[in-house]
Amino acid sequence: MAQWIADYRATITPDEKQALGAYVRSDAGHATLQQATAQYLQQDARFRAGTAPVIQELMTTLATVNKP
């Protein structure tokens, strides 16, 4: 999954990047990210450790789409 996210980030079009960035910055995007974060933090530490590469790629993608 981490590789899929990295590949997506490498091939995202400028329009897709702009649309995703706009959504992430919107109220709905903030709410979605807050809910996902809360659910993730409720998981067992071993699960979180095992999914760390995926989270890292997600965070990198979020940072990428939030750049002007």
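Residues numbered from 1 in each chain as written. Predicted model: local features only at pLDDT ≥ 70, side-chain atom pairs only at ≥ 80, totals over all residues. Heavy atoms only, no water.

Q: I tried to follow the side chain of Glu 57 on my own but got confused; where do I start?
A: Secondary-structure assignment places Glu 57 in helix H5 (residues 52–65). Apart from the residues lying within four places of it in its own chain, the contact partners of Glu 57 are Ala 2, Ile 5, Ala 6 and Arg 9. (Helix = DSSP H or I, 4+ residues; strand = E, 2+ residues; numbered from the N terminus. Contact = heavy atoms within 4.5 Å.)

Q: Help me understand the packing of helix H2 (residues 14–25) against H5, please; the structure alone is not making it clear to me.
A: When two helices pack together, you describe them by how their axes are tilted relative to each other and by the distance separating the axes. Following both chains from N to C, one finds H2 and H5 inclined at 100 degrees, their axes separated by 8 Å at the closest point. Comparing their axes, H5 and H2 come out roughly perpendicular. On the side of H2, the interface is formed by Lys 17, Leu 20, Gly 21, Val 24 and Arg 25, while H5 contributes Thr 61, Leu 62, Thr 64 and Val 65. Of the residues contributing to the contact of H2 with H5, the split by class is four nonpolar, three polar and two charged. (Axes fitted to C-alpha atoms, helices over the stretch in contact; angles between N-to-C directions. Parallel < 35°, antiparallel > 145°, perpendicular 65-115°, else oblique. Nonpolar A, V, L, I, M, F, W, Y, C, P; charged D, E, K, R; others polar.)

Q: Even after reading the chapter, I still don't get the packing of aromatic side chains, so can you show me in this structure?
A: Taken as a whole and judged by the stated rule, the model has one aromatic pair. Look at Trp 4 and Tyr 8: their rings are 5.9 Å apart centre to centre, the planes differ by 5 degrees, and that puts the pair in the stacked class. Note that Trp 4 and Tyr 8 are positioned in helix H1 (residues 2–11) at a spacing of four residues, about one turn of the helix. By relative accessible area, which is 56% here, Trp 4 ends up exposed. By relative accessible area, which is 29% here, Tyr 8 ends up partly exposed. (Phe/Tyr/Trp six-rings, centres within 6.5 Å; stacked < 30°, edge-to-face > 60°. Buried < 20%, exposed > 50% of the residue type's maximum accessible area, 1.4 Å probe, protein only.)

Q: Would you mind going over H5 with me for this structure?
A: Since the α-helix advances by 3.6 residues per turn, residues separated by three or four positions end up pointing in the same direction. An ideal rise of 1.5 Å per residue puts 20 Å on 14 residues; H5 measures up with 20 Å between its terminal C-alpha atoms. What H5 keeps buried is the set Glu 57, Thr 61, Leu 62 and Val 65. Within H5, the buried residues cover an arc of 140 degrees as seen down the axis, which keeps them to one side. With respect to the buried face of H5, the exposed residues turned more than 90 degrees away are Gln 56 and Met 59. Where H5 is buried, its residues meet H1, H2 and helix H3 (27–41). (Expected span 1.5 Å × (residues − 1). Arc of directions from axis to C-beta.)

Q: How should the environment of Asp 15 be read in this particular structure?
A: Locating Asp 15 in the fold gives a position in helix H2. Overall, Asp 15 belongs to the exposed group, its relative accessible area being 60%. It is 15 Å that separates the C-alpha atoms of Asp 15 and Thr 61, two residues lying 46 residues apart in sequence.

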